Amino acid sequence: MANCKVIALCNQKGGVGKTTSTANLGIGLAMSGKKVLAIDADAQANLALSLGYTKPDDLPVSLSDIMKIIIEEKMLPNDYGILRHQEGIDLMPANIELSGTEVSLVNIMSRESILKTYVDKMRPKYDYILIDSMPSLGMMTINSLVAADSVIIPSQPSYLSAKGLDLLMQSIARVRRQINPGLSIDGILLTMVDNRTNEAKEIIASLRSHYGEKIKVFKNEIPFSVRAAESSGRGKSIYAHDKNGKVASAYIALTKEVIRLERKKERLRSDGSR
Ligand code: ATP
Ligand code: MG
C-alpha cells in the first residue's frame with residue numbers, strides 16, 4: 001500500500017482500553033475495506049487473547065521471535081508468524097517471551113528501532129498498522145513510539161489518568177526530539193465513559209480545555225458497557241459479540257473519525273509539498 005499509516009495506541013496507565021480499542025478500531029478499519037495489521041507489543045498477550053487465541057504461549061511464532069531475527073540480522077520469511085483473524089485483520093501476536101526480549105534490548109545497538117525495522121518491512125502490504133502497547137514507558141513502548149507515525153491515547157475520564165497523561169506527553173516529546181521527529185499525536189480517546197457521573201463530566205470538560213488546543217480529544221467517546229468487558233473475555237470483537245450495542249456503534253463512529261483524520265493529514269501533506 002502506497003500510504004500505510006502506523007498508529008500506536010499508548011498509555012502507561014493500565015486498563016484504560018488500549019487493547020480493546022486496538023482490536024475494535026482494527027476490525028472497524030477492516031470492515032471499511034482497509035488492509036490492517038495489528039501488532040501486540042505487550043507480553044501480557046491480551047490482544048491475541050481478546051481476539052480468541054486462547055494459548056498465546058503455544059503459538060510457534062510471536063513478536064519476540066521477529067525481534068530476535070531482526071536483532072541477529074537474519075532473513076525474515078515473508079509473512080512470518082502472521083495470524084489471519086476471521087474478522088478480517090492480520091495479527092502479530094505476543095506472548096510472555098516478549099518480556100525477556102525487552103530486557104535483552106538493553107545491550108543492543110539501535111535498541112529503540114527494532115520494532116520499526118519490522119513495521120517498515122510490513123508497510124507495503126497494509127493500509128493501517130496498529131500497535132497495542134504495554135502499560136509502561138519502558139523500552140517496548142519506546143519501540144512502539146519510534147515505529148509509529150502517530151499515537152492514539154486511550155484514557156479513562158478520571159483525575160489520575162489525566163495526571164499520568166503529562167508523563168506520556170514527555171516521553172512522546174523526547175522520542176520526537178531524539179529519534180522520530182515526524183511522530184504526531186492523533187488525539188486522546190476517552191474510553192469507558194459513564195456520562196451519568198459528575199466526575200466524568202468534569203474531567204472530560206477539563207481535559208478538553210487543558211489539551212484541547214494542542215491535542216485533539218476524539219469527538220467520539222467509547223461508553224462504558226459490560227458487554228465490552230464480556231467480549232474480550234470471550235475472544236470476540238464487540239461487533240461479533242454485541243453488534244447493535246452502544247460500544248459497537250461508538251467504535252464504528254471512531255473508525256470513521258480516524259479515516260477522516262488521515263484523509264485530512266494527507267491533504268495537508270500534499271498541499272505542503274506543492
Ligand atoms: P493493559 O494496560 O493491561 O494492557 P488496556 O489499556 O489494554 O490494559 P483493556 O484490556 O482494553 O485495557 O481494557 C481493560 C478492561 O476493561 C478489560 O477487561 C476490558 O474488557 C474492559 N473494557 C474495555 N473497554 C470497555 C468498555 N467500553 N466498557 C467496559 N469495559 C471495558
Ligand atoms: Mg492491553
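Given the structure is predicted, the values throughout are model-derived calculations rather than measurements. (Residues numbered from 1 in each chain as written. Chains lettered and ligands numbered in written order. Predicted model: local features only at pLDDT ≥ 70, side-chain atom pairs only at ≥ 80, totals over all residues. Heavy atoms only, no water.)

Undergrad: Even after reading the chapter, I still don't get the sheet that holds strand S6 (residues 150-155), so can you show me in this structure?
TA: Backbone hydrogen bonds are what pair the strands of a sheet, in a parallel or an antiparallel way. In space, the seven strands of this open sheet follow the order S3-S4-S2-S5-S1-S6-S7, with mixed pairing throughout. Pairing within the sheet leaves two strands with one partner each, and these edge strands are strand S3 (83-84) and strand S7 (184-190). Bridge count for S6 against S7 is six bridges, and the pairing is parallel. What sits directly across from isoleucine 153, in S7, is isoleucine 188. Sheet contacts for helix H5 (residues 114-122): strand S1 (5-9), strand S2 (36-41), strand S4 (90-92) and strand S5 (128-133); angle to S2, the most-contacted strand, approximately 165 degrees. (Pairing = 2+ DSSP bridges. Helix = DSSP H or I, 4+ residues; strand = E, 2+ residues; numbered from the N terminus. Contact = heavy atoms within 4.5 Å. Axes fitted to C-alpha atoms, helices over the stretch in contact; angles between N-to-C directions.)

Undergrad: Would you mind showing me how to read the site of ligand 1 here?
TA: Contacts to ligand 1 come from 19 residues, most closely from Lys18, Thr19, Thr20, Pro223 and Ser232. At 2.9 Å from an oxygen atom of ligand 1 is found a main-chain nitrogen or oxygen belonging to valine 16. Across the complex, the protein chains shield 83% of the 630 Å² of accessible surface that ligand 1 would expose by itself. For the shell around ligand 1, the secondary structure elements donating two or more residues are helix H1 (18-31) and helix H9 (226-233). The residue makeup of the shell around ligand 1, split by class, is eight nonpolar, eight polar and three charged. (Near = heavy atom within 4 Å. Polar contact = N/O pair within 3.5 Å; in protein donor to acceptor, adjacent residues only side chain to side chain. Areas by Shrake-Rupley, 256 points an atom, 1.4 Å probe, with all protein chains shown as cover. Nonpolar A, V, L, I, M, F, W, Y, C, P; charged D, E, K, R; others polar.)

Undergrad: It is not clear to me how the packing of helix H3 (residues 63-71) against H5 should be interpreted in this structure. Could you clarify?
TA: Relative orientation and spacing of two packed helices are given, respectively, by the angle between their axes and the distance between those axes. Remark: H3 packs on H5, axes separated minimally by 9 Å, with the N-to-C direction vectors making an angle of 100 degrees. If you check the angle between H3 and H5, you find them roughly perpendicular. Contacts between H3 and H5 pair Leu63, Ile66, Met67, Ile70 and Ile71 from the former with Ile114, Leu115, Thr117 and Tyr118 from the latter. Residues of the contact of H3 with H5, tallied by class, amount to eight nonpolar, one polar and no charged. (Parallel < 35°, antiparallel > 145°, perpendicular 65-115°, else oblique.)

Undergrad: Even after reading the chapter, I still don't get the pattern of salt bridges, so can you show me in this structure?
TA: Under the criterion given, the structure shown has 15 salt bridges. One salt bridge in this structure joins aspartate 120 and lysine 116, with 3.1 Å as the shortest N-O distance. A residue pair is termed a helical-turn pair when its members lie 3 or 4 positions apart in one helix, as aspartate 120 and lysine 116 do in helix H5 at four residues. According to the relative accessible area criterion, aspartate 120 is partly exposed, its value standing at 32%. (Salt bridge = Lys/Arg side-chain N within 4 Å of Asp/Glu carboxyl O. Buried < 20%, exposed > 50% of the residue type's maximum accessible area, 1.4 Å probe, protein only.)

Undergrad: Just to check I follow, could you spell out the pairing of S5 for this structure?
TA: The side chains of a regular strand alternate between the sheet's two faces. For S5, the buried fraction is high: six of the six residues fall into the buried class. In this structure, S1 lies alongside S5, joined through five bridges in parallel fashion. By the bridge assignment, isoleucine 7 is partnered in S5 with leucine 130. As paired elements, S2 and S5 share six bridges and run parallel to each other. Looking at the pairing, alanine 41 lines up with serine 133 of S5.

Undergrad: Any chance you could explain H3 here in plain terms?
TA: Residues lying three or four places apart along an α-helix face the same way, a consequence of the helix completing one turn every 3.6 residues. Inspection of H3 places Leu63, Ser64, Ile66, Met67, Ile69 and Ile70 among the buried residues, and these make up the whole buried set. Of the surrounding secondary structure, the elements contacted by the buried residues of H3 are S2, S4, helix H4 (97-104), H5 and helix H6 (139-147). Within two residues after H3, glutamate 73 carries a phi angle of roughly 55 degrees, on the positive side.

Undergrad: Help me understand a nonpolar patch on the surface in this model?
TA: Taken together, Met192, Phe224 and Val226 make up a surface patch of nonpolar side chains, about 260 Å² in accessible area. Owing to a relative accessible area of 43%, phenylalanine 224 belongs among the partly exposed residues under this scheme. (Patch = residues over 30% accessible without salt bridge, like charges linked within 9 Å, V, L, I, M, F, W, Y side chains within 5 Å.)

Undergrad: Can you walk me through the side chain of threonine 141 in this structure?
TA: With respect to the helices, strands and loops of the structure, threonine 141 is situated in helix H6. Look at threonine 141 and you get buried, because its relative accessible area is 2%. One polar contact links the side chain of threonine 141 to the main-chain carbonyl oxygen of serine 136, over a distance of 2.7 Å. Leaving out residues up to four positions away in the same chain, threonine 141 has contacts with Cys10, Ser133, Met134 and Ser136.

Undergrad: Before we go on, may I ask you to explain the packing of H5 against H6 in this structure?
TA: The contact between H5 and H6 brings their axes to 7 Å, and the two run at 40 degrees. When the interaxial angle is binned, H5 and H6 end up oblique. Of the two elements, H5 crosses H6, and the hand of that crossing is right-handed. Across from Ile114, Leu115, Lys116 and Val119 in H5, the residues of H6 making contact are Asn143, Ser144, Val146 and Ala147. When the residues that make up the contact of H5 with H6 are grouped by side-chain class, the tally is five nonpolar, two polar and one charged. (Left-handed = near helix turned anticlockwise from the far one by under 90°.)

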